[in-house]
Amino acid sequence: VGTRGAVRVGSRWTAFDTAAGHSGPGQSLQPVAVGLGGASQADFVSLVWPDGVLQTEMALAAGQRHVIAETQRQLSSCPVLFAFNGTSMAFVTDILGVGGIGFFERPGVYSAPFPREHVLFPEGSIAPHDGRYALVIGEPMEEVAYLDRASLVAYDLPPGWQMALDERKAIAGPMPTSAPLFYREERRPARAINDRGQNVTAHVADADHSAAPPGAADPRFIGLTAPHTLELEFDGPLDRGPGQPVLMLDGWVEYPYAQTVFAAWQAGATFAPPSLDARDQAGRWHTVAPEFGYPAGMPRRMTLPLSRLPAGTSALRLRTTQEIYWDRVSVVYAEPAPQVATRRLPLLSATLRESGFATRTTGPQRTPHYDYARRAPLWDTRHPRGRYTRFGAVDALVAAADSALAIFGPGEDVRLEFAAPGDAVPAGWTRRVVLEADGWCKDMDLYTKDGDTVTPLPGVDTPARRRLHDAFNTRDASGR
């Protein structure tokens, strides 16, 4: 009920919907009959399901009843990041989900986007080739992306040092700074127990996509049917270390979308973002970070500085009703590291292309993966209506955070190349690479504000925007 459709035979279209033009009883569940004028088949059938999913079918024979089930697809999330790892352009994670525009919270209220995210590439996920690093920021979904700036920074770490970034999807409390956090000491939990009394220590020991089971998912909405807690016991007090304690978490979240948030609001259901409790030396629990946030999308690492630990804390407790998969947990101690060498790498080229849709697969615990080597030229998708950046070089648009935006949509991506450092890493040292990105994204969910259009543009009006948009953003696109 509520599906809209259109059937094409040759150049002739027949449109229909499956809901009567009134709100009373008697909505028909009978098959929809469409006359084909004597043709042997319907050449093309287009359906828009009640949840907004576009689906097409080809060459359906006349005189038969065709049962068409809705294809479950990932329609929206945020742009996806790929990097050349020495052998291929491979999936890393998603990016700029924190910059989502028009996300529904409740009627008349939409989330404020945070248009900055830095990504520390996992070791081995990016490698130079012919003196340059290559990466891709793509849109394999029904969305529009607004990329303001992309830059690459290399960090050379002395022996014994590691790094993380102050990054997370913040809900309450301080916003992440994206600053690098350098550390020498890391403490893993000696024991991890969930709310069902299960020992899940092995699940949070390594970032291996085998996360601690969060519990039963709510069949109506994206979230859990009951609070999920993860109690982490450590060997010794956490407030005693060489620097500031920082909770470091690897994991991913099953994002709620505007429709599911609306449905939950309508049903009076609420989902609690993660909060952190700490147990003092007397055995009492204290909330030290209420609703602090979560990993901002697909598998990645987030951190939470711990500035309010009770004296003698030796246990932490994570609790949430969101569907979050905690993959690896530890506490590190951030310290100044004056020997670290930092270099901002020159941008050699940035090219906007119509590259196609990377194939998505979903593994256990909803782990996503995109195969850049398997890209379909077309997909059942729509472009939000508006003006996009013309294909070709876009260096001038992404070189600085000036609100001059490279705007691209479904099946399109920006390929970026940066000059790699010319010197080798000294023996015992480690080189890590960070992508610094500024920008926004917006999906076409039925309850996303202005989800059907590219405008209104995010950012502010600047001389660079006026000058560069007139020169670069000259391509009109809309619909299918």
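Calculation criteria
- Residues numbered from 1 in each chain as written.
- Predicted model: local features only at pLDDT ≥ 70, side-chain atom pairs only at ≥ 80, totals over all residues.
- Heavy atoms only, no water.
- Helix = DSSP H or I, 4+ residues; strand = E, 2+ residues; numbered from the N terminus.
- Rg over C-alpha atoms; globule rule 2.2 N^0.38 Å.
- Buried < 20%, exposed > 50% of the residue type's maximum accessible area, 1.4 Å probe, protein only.
- Contact = heavy atoms within 4.5 Å.
- Areas by Shrake-Rupley, 256 points an atom, 1.4 Å probe, with all protein chains shown as cover.
- Lys, Arg positive; Asp, Glu negative; His and termini not counted.
- Charge placed at Lys NZ, Arg CZ, Asp CG, Glu CD.
- Core = buried A, V, L, I, M, F, W, Y, C linked by side-chain atoms within 4.5 Å.
- Salt bridge = Lys/Arg side-chain N within 4 Å of Asp/Glu carboxyl O.
- Pairing = 2+ DSSP bridges.
- Axes fitted to C-alpha atoms, helices over the stretch in contact; angles between N-to-C directions.

A look at the overall build of the protein
Across its full length, the protein holds 3 helices and 33 strands. Over its C-alpha atoms the protein spans a radius of gyration of 25 Å, differing by no more than 12% from the 23 Å that the globule rule assigns to 480 residues. Projected onto its principal axes, the C-alpha coordinates of the protein cover approximately 80 × 55 × 40 Å. Classification of the 480 residues of the protein by burial places 52% in the buried group. Taking the intrachain contacts of the protein between residues at least 6 apart in sequence as the baseline, contacts between residues at least 24 apart amount to 75%. On the protein, roughly 21100 Å² of surface is accessible, and the fraction owed to carbon and sulfur atoms is 52%. The positive charge centre, built from 47 side chains, and the negative charge centre, built from 53, are 1 Å apart in the protein.

What about the nonpolar core?
Grouped together as the largest cluster of nonpolar side chains are 35 residues, with contacts concentrated most on Phe121, Leu135, Ile137, Leu152, Leu416 and Leu435. Sorting elements by how many residues they give to this core places strand β11 (residues 143-157) first, with 5 residues. Counting 34 residues, the second-largest nonpolar core is a separate cluster that includes Phe292, Leu316, Leu318 and Ile324.

Digging into the environment of proline 410
On the secondary structure map, proline 410 appears in the loop between β30 (406-408) and β31 (412-419). Apart from residues no more than four positions distant in its own chain, proline 410 is found in contact with Glu139, Met141, Glu142, Glu143, Phe357, Thr381, Arg382, His383 and Pro384.

Some details on the pattern of salt bridges
Tallied over the entire structure, the rule returns 31 salt bridges. Of the charged contacts in the structure, one is a salt bridge between arginine 149 and aspartate 438, with a shortest N-O distance of 2.6 Å. One end of the pair, arginine 149, is in strand β11; the other, aspartate 438, is in strand β32 (residues 430-443), and 289 residues separate them in sequence. Summarising the burial analysis for this pair, arginine 149 and aspartate 438 share the class buried. For glutamate 186, the salt bridge is made with arginine 188, and the minimal N-O distance between the two is 3.6 Å. By relative accessible area, arginine 188 is classed as partly exposed at 40%. Each of Arg149, Arg344, Glu436 and Asp438 takes part in a single network of salt bridges with overlapping partners.

Considerations on the sheet that holds strand β21 (residues 300-305)
Spatially, β12-β14-β23-β17-β21 is the arrangement adopted by the 5 strands of the open sheet, whose pairing is antiparallel. Each edge of the open sheet is held by one strand with a lone partner, namely β12 (162-165) and β21. Along the sheet, successive strands turn relative to each other by an average axial angle of 50°, direction set aside. Relative to strand β23 (residues 324-334), strand β14 (residues 180-187) is paired through 3 bridges, and the arrangement is antiparallel. Across the sheet, residue arginine 187 finds its bridge partner in β23, namely valine 331.

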